[in-house]
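# Observations on the model geometry
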There are 2 protein chains.
Amino acid sequence: MEINKAIEKLISRIGREKVFTEEHYLSLYSYDSTNIFFRPDAVIFPYSENDVTEIAKIATEFRIPVVARGSGTSRSGGPVPVKGGFVVSFTKMNRIKEIDRINMIAVAEPGVITQELNSEAAKYGLYYPPDPSSVKVSTIGGNISHNAGGIHAVKYGVTKNYLLGMRVVTIDGRVLRLGGKVVKSVVGYDLMRLIAGSEGTLAIITEATVRLIPRPLSRALFVIPFRDEYGWLNLLLEIYKSGVLPCSLEFMDRECILVNKRITGFYVLKESSIHSLLFVELDGTAESVLAESEKVKDILAEHNITDVIFSNKSDEIENIWDIRRDVSPSLNALGEYRIADDVSVPLGSLRNAVSELRRFAEENSFRIAIFGHAGDSNLHVNFMFGTREDMEKNFDKVMRQVTEIVLRYGGSISGEHGIGFLKKDFSESELDRDAVRIMKEIKNIMDPYNLLNPGKIFKTV
Amino acid sequence: MEINKAIEKLISRIGREKVFTEEHYLSLYSYDSTNIFFRPDAVIFPYSENDVTEIAKIATEFRIPVVARGSGTSRSGGPVPVKGGFVVSFTKMNRIKEIDRINMIAVAEPGVITQELNSEAAKYGLYYPPDPSSVKVSTIGGNISHNAGGIHAVKYGVTKNYLLGMRVVTIDGRVLRLGGKVVKSVVGYDLMRLIAGSEGTLAIITEATVRLIPRPLSRALFVIPFRDEYGWLNLLLEIYKSGVLPCSLEFMDRECILVNKRITGFYVLKESSIHSLLFVELDGTAESVLAESEKVKDILAEHNITDVIFSNKSDEIENIWDIRRDVSPSLNALGEYRIADDVSVPLGSLRNAVSELRRFAEENSFRIAIFGHAGDSNLHVNFMFGTREDMEKNFDKVMRQVTEIVLRYGGSISGEHGIGFLKKDFSESELDRDAVRIMKEIKNIMDPYNLLNPGKIFKTV
């Protein structure tokens, strides 16, 4: 078998201690957070870029699929090896190589946990804004591959906005250095931002240089309850009108509130009347946060909104955000199997689109729970099922309907989770046929044998 | 001649009134702001996307170069037709198609003047942040093609950060719709941000959907004089440390101050002692701007910096920015011919890099003037010459030396002006050879006959 020869050769090149074929390894690296399972033939833990070039060369020689993997928190089947082959885990390439205080940049290997990068930056008074809810687990490499967003994207933007430079390994084992250490550069085509967000299908990231910004010294958080489902939408527009640009604008619906014990704890007396929550976070200097908080309080008073939780203490705020981050895991309690969808809909159409999604769920007796990044109009729409069979039986129906509604309102079928394996049959509904053709031609240039994370993003390559 | 047949066919397809071959048209569209001249064979003014597809099809049929052009403010020879052919001016495609207040987006044809888009957005309380100094003249299409920055990029980012959707015409006359109307979308490869910034070499932009943000209601500007050349650098770092994120951090050196009569007017009594200026602008709510202004004033007091100009009146601030925008045109007064270079250097190396640039200028008796986007460490380095011959004679020497210094300090040879024709011989020094090979393969996919703005970006295609 070619795969056995490939594994033998790989062991001889990079060392036996980095290559695993034991059953429990293959199981452990066969899935992400989507309940999709495909077993790899080997799990490889490179220690260096040089190891990665060896992996790529051998993969090309023996035509073995290569799937780069961070922490496997993907919600789209991104790192699942649907064609088998090598899963390349970056667990061992997890060094922060440099935090440069003056230039405000960090250089990190792809396996660095995003929160750890941010904690390290904090020691220098610096801040790395992109923070998907998985931030304490997921990696820089995975975040870049998916162009991850997060709760602070509304003010600070997504991962690509902070990407200054990358080293990547191509499938034929060459190293490309892209970008550099400066905030602005317009030299040549933007290969870096093409590879970032390509879900490991164009090249393998081995190093990233990211922009840091001065850490805001002060912050304040409002948790605002509404007695109706769409009250938060109106308030959000009022806040925008006031000239305040919050660093976070998150919302959750009643189902999310009820399922999250820690949230219901806050609102224990009044939960029966609360139908949605808006989280509004402000950051900046102590003085500007104080001034903007007063402004938000004025808006709340004008709209007679009471029972608002307010905090300007950093540790309290972090606790509340942890509760927000728990929504997604908590939802699993509603039903063991969940279709956790991620869509964007223009703000002005959000109410109609959400109503249609709810009507669809109701007509089919599906439990639905919606939360997400209100300020970016990026919603996480969850459908819960009691059994795996139930979920699988309804998967296509749900995906087709969500896609139809979202695209009809001019939205996107993925705001930040990516397409991966889960949505590969639906991505081409959003894209022009000629654009898809060009994308596939680019794929063919960079990965002529279709070895880099095959079976993802597009229905067929 | 093929070109005459092509022009005849084009006239029959889109109408004589849109196609010009008169001598004065060919002259008028033979240059941009770099003093590079190449005559086109025809200047075409499409009225619609359909006209553009006709132009593309005929260009492909007869193998005629096509150069899309906005207002021609490029500083890199971007829209100069170095291989002749069709210059396609978007002057007539200058409609703002939609300002959507709720979704905070604008849809514009490529010929819309950027400032006009912003003025229109202002009527709805919205704001389009990217503002290159040419903002009152240059177009959305040109800005996107160069990924233009501007004085507010330090807080708000560059053009690509605001690009949500595009319609483009490929050289074979197909229309691609890329992106859409939502802030976040990660579906397929990011063809949109590959084509944006490609200086018209991959496709022709026919429509752009851009993100608007709530217009900051209040602003304040400090103009801060320093008695030494690098004082501004230190103060900039102090401001960052304080937690204040200014929306503008611009600097200029003594040469720029002296040449700009309107600036010296401010400082008429003290100009002999002023060696550099830092412009610091704050924006937000009235309250937060007030709070942050006090913070900046404290920092100034701590450092005993006096004679600061301060304004919190919008029209005064605009006047001061007009003066800043006048620096580049004013520099022409120093010498009739100018090499207006645009580079990025990491902030921590800026002082050393600038010292080396000055030493190089001094050794060669070149007049040098430096200003730019201090917060982004993006500098406009200008070398002035008395005659065209002098400039041309020294061009390669200057470019080679600037490239060497900038790259040695980990910088980029273009922060925001692009490569165009002017720097095409130098771009490959910054890029990996394998990356260039892939870029050229992508070019070949999208433009197999090398008709889209040929002779740009790379030394050879």
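Structure's up top.
What counts, and where the lines are drawn
- Once a new chain begins, its residue numbering starts again from 1 and follows that chain's sequence as written.
- Chain A is the first chain written and ligand 1 is the first ligand written, with later ones labelled in order.
- With pLDDT at 70 or above as the cut-off, local features in this predicted model cover only qualifying residues; side-chain atom pairs require 80 or more to be listed or tallied, and sums for whole chains, interfaces and linings still use all residues.
- Each side-chain value is derived from all of the structure's non-hydrogen atoms; neither hydrogens nor water enter the calculation.
- Secondary structure is summarised from DSSP: a helix means a run of H or I of at least four residues, a strand means a run of E of at least two, and numbering begins at the N terminus for each.
- The atom set for the radius of gyration is the C-alpha atoms, and the globule formula is 2.2 Å times the number of residues raised to the power 0.38.
- Three labels apply to residues, based on accessible area from a 1.4 Å probe with only protein chains included: buried if under 20% of the type maximum, exposed if over 50%, partly exposed otherwise in between.
- Residues count as neighbours in contact if any of their non-hydrogen atoms are within 4.5 Å of one another.
- Axis definition: a line fit to C-alpha positions, over the contact stretch in the case of helices; interaxial angles, taken between N-to-C directions, run 0 to 180 degrees.
- Angle categories are assigned with fixed cut-offs, so that under 35 degrees is roughly parallel, over 145 is roughly antiparallel, 65 to 115 is roughly perpendicular, and the rest are oblique.
- Throughout, a crossing is termed right-handed when the near helix is turned clockwise from the far one, and left-handed when it is turned anticlockwise from it by less than a right angle.
- Any two strands between which DSSP finds at least two bridges are classified as paired.
- Criterion for a disulfide: a pair of cysteine sulfur atoms within 2.5 Å.
- Any residue with an atom within 4 Å of a point lines the site, the site being either a cavity, points on a 1 Å grid over the protein atoms alone where a 1.4 Å probe fits but cannot get out, or a pocket, an open set with protein on both sides within 12 Å along at least 5 of 7 lines.
- Grid points are joined across faces, edges and corners, and a volume is the space filled by probe spheres set on the points.
- For this scheme, ten residues count as nonpolar: Ala, Val, Leu, Ile, Met, Phe, Trp, Tyr, Cys and Pro. Four count as charged, namely Asp, Glu, Lys and Arg, and the remainder, Gly too, count as polar.
- Between the rings of Phe, Tyr and Trp (Trp by its six-membered ring), a pair exists once the centres lie within 6.5 Å; its type follows the angle of the planes, with under 30 degrees stacked, over 60 edge-to-face, and the other angles tilted.
- Remark: a charge is flagged as sitting over a ring if the NZ atom of Lys or the CZ atom of Arg is within 6 Å of the ring centre and within 35 degrees of the ring normal.

### A look at the overall build of chain A
When helices and strands are tallied, chain A shows 17 helices and 18 strands. Compactness check: chain A gives a C-alpha radius of gyration of 22 Å against a globular reference of 23 Å for 461 residues, within 12% of the reference. Principal-axis analysis of the C-alpha atoms gives chain A an extent of 70 × 55 × 45 Å. Classification of the 461 residues of chain A by burial places 64% in the buried group. A sequence separation of at least 24 residues applies to 73% of the contacts in chain A between residues at least 6 apart.

### Examining the packing of helix α14 (residues 350-363) of chain B against helix α15 (residues 388-408) of chain B
Packed helices, taken two at a time, are described by their axes: the angle between them and the distance between them. All names here are of chain B. Where α14 meets α15, the axes come as close as 10 Å, and the angle between the chain directions of the two elements is 160°. Looking at the two axes, α14 sits roughly antiparallel to α15. Crossing angle aside, the handedness with which α14 passes α15 is right-handed. Touching A353, E356, L357 and F360 of α14 are K397, V398, Q401, V402, I405 and R408, all from α15.

### Looking at the sheet that holds strand β18 (residues 378-385) of chain B
All names here are of chain B. Taken together, seven strands build an open sheet; the order of strands is β15-β12-β14-β13-β17-β18-β16 and the sheet is antiparallel. Each of the sheet's edge strands pairs with one partner strand only, and the pair in question is β15 (309-311) and β16 (337-344). Pairs of neighbouring strands in the sheet enclose a mean axial angle of 15°, with direction left out of account. In terms of strand pairing, strand β12 (residues 218-226) meets strand β14 (residues 276-284) through nine bridges, oriented antiparallel. Paired with F222 across the strands is V280, a residue of β14. Across the sheet, helix α11 (residues 286-302) lies against β12, β14 and β15, angled at about 15° from β12, the strand it touches most.

### What to know about the state of the cysteines
Considering all chains together, one arrives at zero disulfides over all chains under this definition. With no disulfide of its own, A:C247 lies 18 Å from the sulfur of B:C247, the closest cysteine sulfur. Judged by relative accessible area, which is 1%, A:C247 ranks as buried.

### Let's talk about empty space enclosed by the protein
Evaluated as defined, the whole model comprises three cavities of 30 Å³ or more. Around the largest cavity sit 26 residues that line it, and A:K155, A:D283, B:K155, B:D283 and B:E292 are the ones nearest its centre. Contributions of two or more residues to the lining of the largest cavity are made by α6 (153-156), β11 (213-214), β14 (276-284) and α11 (286-302) of chain A together with α6 (153-156), β11 (213-214), β14 and α11 of chain B. Taken together, the residues that form the lining of the largest cavity break down as 13 nonpolar, six polar and seven charged.

### A short note on the packing of aromatic side chains
Aromatic ring pairs: the centre-centre distance and the angle between the two ring planes describe each pair. One pass over the full model with this rule turns up 32 aromatic pairs over all chains. Plain terms: the ring middles of A:Y127 and A:Y156 are 5.6 Å apart, the flat faces sit at 85° to each other, and that makes the pair edge-to-face. Here A:Y156 lies in helix α6 and A:Y127 lies in strand β7 (residues 126-127), a separation of 29 residues in the sequence. Comparing A:Y127 with A:Y156, the two get one shared label, buried. A ring pair is formed by A:F366 and A:F385, whose centres lie 5.2 Å apart and whose planes are at 65°; its orientation type is edge-to-face. You can see A:F366 sitting in the loop between α14 (350-363) and β17 (367-373) and its partner A:F385 sitting in strand β18 (residues 378-385), a full 19 residues away along the chain. Comparing A:F366 with A:F385, the two get one shared label, buried. One aromatic cluster is present, built from ring pairs that chain together A:F20, A:Y25, A:Y29 and A:F45. Its end group placed over the ring of A:Y449, A:R63 keeps NZ or CZ at 3.5 Å from the ring centre. Here the guanidinium or amino end of B:K18 rests over the ring plane of B:Y47, the centre of that ring lying 4.6 Å away.

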